[in-house]
Amino acid sequence: MSLLLKGVARLSQLEVDTGKDWEAKEITNLRSVAIAMAHGDIAFRGVSVIEKLAADAGKGYSFLRSRGPGLSPVWQDIESLVQYMTGAVNRAAAFDLSIPSPAVSYSAQQASSPPGRASVGVLSPPEPEILVTTLTGPGGAVASSPSLDVPAPVVSRQVAIGTPVSGAIADDGGVQANETAQANNDAANDMTLLPPVPAVDDAYYFGCPSLCDWLELRMGTAGNGTWDIAWEYWNGAAWLPLPDVIDNASGFKVSGTRLVTFTRPLDWVQSTIGGIANLYWMRARVSVYVSIVTQPKGTRAFTWIKH
C-alpha cells in the first residue's frame, strides 16, 4: 500500500538506492559489490557484507560448491567431482606404493625329555604383485588405477612327534657299547659315532620303539677324513639301504643339529641289538674307509614320527 502511495504501481518501477546505508537490514555494501561485479559473477552473503565470487570455468566445467555453514562457497572443477564419484578414476595420479615383504618367523623347538614337540609348520607367502593400469579418458585426462594383488599365503602343515632314541649302540669291530644314556643327555661329545680308527662295517645303531620317519642328530664334533656311511634298516633277514635317504649329517662330517630323512620301509621289523630288544633299528655303517683326521662325536639323538 505504501508503494502505491508513492506512485509505484509495478515492481519493475521500484528503484533501490544501493548507496544508502542499509545496516539496519544487515546489508551495507550493495553498491560497491554491484559496481565491482562482471558478467557471470555471483554474490553471496559474507560474514557481515555481500561478497562477490568471480566466474571461473576451471579446466573444463566448474560447479558451485558449498563448504558448509560459516564458510564461503567456492568454484570446484568438474574433475574434482569425477574423482570423488569414481574413486580417483579419470585423473593423473602420482603415488608411491611401498609394500614391505611379509615377515615370516620360523621357530624350531628341539625335542626334549620328557619327549614332546609338536611339529613342523611351513608358511610360504607369495610375493605381492603390484599392477598399475593407465587409461585415457574422453576428456583427455590420464587415469592411473593402482591394483594390489596379494595371493593368499599357502600354509602346509606337517605334524610330527619327536622322542629320544630308545637305544644307541656303538659297534667297533663287533664289540658293542651301549650309549643310550649318552644319546639321551645333553653332555657334549659323549657319543662315539665312529671309533678312533674306523674300519669297514663299524657302525652306530639307533633304535626307536615304533616305526619312525627321520633321525635328528645333534653333532658335537664334526669328523674329518675320508670315509662313506651307509644308512640301513633291518627287514628281519638282512640289513638293507633306507629308501630315499638324505644324510644332512654328511657321514658325521658336519656339526650342529642335523636330520637324516628317509621313506619309512614297509618291511621294517623289530630286532635286538646290544641286548636291547623289540626296537626298530637303523644303523650308520662304514661302507668305505680311507683315513681319519678328526673322530666324529655326537651329543644327542631323537627319532621323529609323522602323524
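Residues numbered from 1 in each chain as written. Predicted model: local features only at pLDDT ≥ 70, side-chain atom pairs only at ≥ 80, totals over all residues. Heavy atoms only, no water.

(A) Representation of the overall build of the protein in the model. Counting its regular elements, the protein contains four helices and 20 strands. Taking all 307 residues of the protein together, 29% fall into the buried category. At a minimum sequence separation of 6, the contacts of the protein that also span at least 24 residues come to 65%. Total accessible area on the protein is roughly 18,400 Å²; 55% of this is exposed by carbon and sulfur atoms. (Helix = DSSP H or I, 4+ residues; strand = E, 2+ residues; numbered from the N terminus. Buried < 20%, exposed > 50% of the residue type's maximum accessible area, 1.4 Å probe, protein only. Contact = heavy atoms within 4.5 Å. Areas by Shrake-Rupley, 256 points an atom, 1.4 Å probe, with all protein chains shown as cover.)

(B) The arrangement of unusual backbone geometry in detail. Not every positive phi belongs to a glycine, and Phe252 is a case in point at roughly 70°. Following the sequence through the fold, Phe252 ends up in the loop between strand S16 (246–247) and strand S17 (256–261). The backbone phi angle of Asn278 is positive, close to 60°, even though this residue is not glycine. As for its placement among the helices and strands, Asn278 is situated in strand S19 (residues 276–294). Overall, the relative accessible area of 54% leaves Asn278 in the exposed class.

(C) Expanded view of the pairing of strand S9 (residues 167–172). Burial runs high along S9: five of the six residues are buried. One ladder, built from five bridges, connects S9 with strand S12 (residues 203–208); its direction is antiparallel. Considered in S12, the bridge of Gly167 is made with Gly207. Of the strand pairs in this sheet, S9 and strand S10 (residues 175–178) are connected by four bridges, and their pairing is antiparallel. Looking at S10, one finds that Ala170 is bridged to Ala177. Counting the residues between successive antiparallel strands, the hairpin from S9 to S10 contains two residues, one of them, Gly173, with a positive phi of roughly 65°. (Pairing = 2+ DSSP bridges.)

(D) Quick peek at the nonpolar core. In this structure, Phe206, Trp231 and Phe252 are the most contacted members of the largest nonpolar core, which totals 29 residues. Those elements that place two or more of their residues in this core are S9, S12, strand S13 (214–221), strand S14 (224–234), S19 and strand S20 (297–306). If sequence neighbours within four positions are ignored, Trp231 has contacts with Phe206, Leu215, Leu240, Pro241, Leu242, Val245, Asp247, Phe252, Val260, Arg283 and Ala284. Ala203, Ile273, Leu279 and Trp281 belong to the second-largest nonpolar core, a separate cluster that totals eight residues. (Core = buried A, V, L, I, M, F, W, Y, C linked by side-chain atoms within 4.5 Å.)

(E) Representation of the pairing of S20. Across the ten residues that make up S20, a large majority, eight, are buried. Across two bridges, the pairing between strand S11 (residues 191–192) and S20 is antiparallel. Looking at S20, one finds that Met191 is bridged to Gly298. Strand direction decides the pairing type here: S13 and S20, joined by seven bridges, are antiparallel. The residue bridging Met219 from the neighbouring strand is Gly298, located in S20.

Without other data, these values stay purely geometric and don't point to any function.
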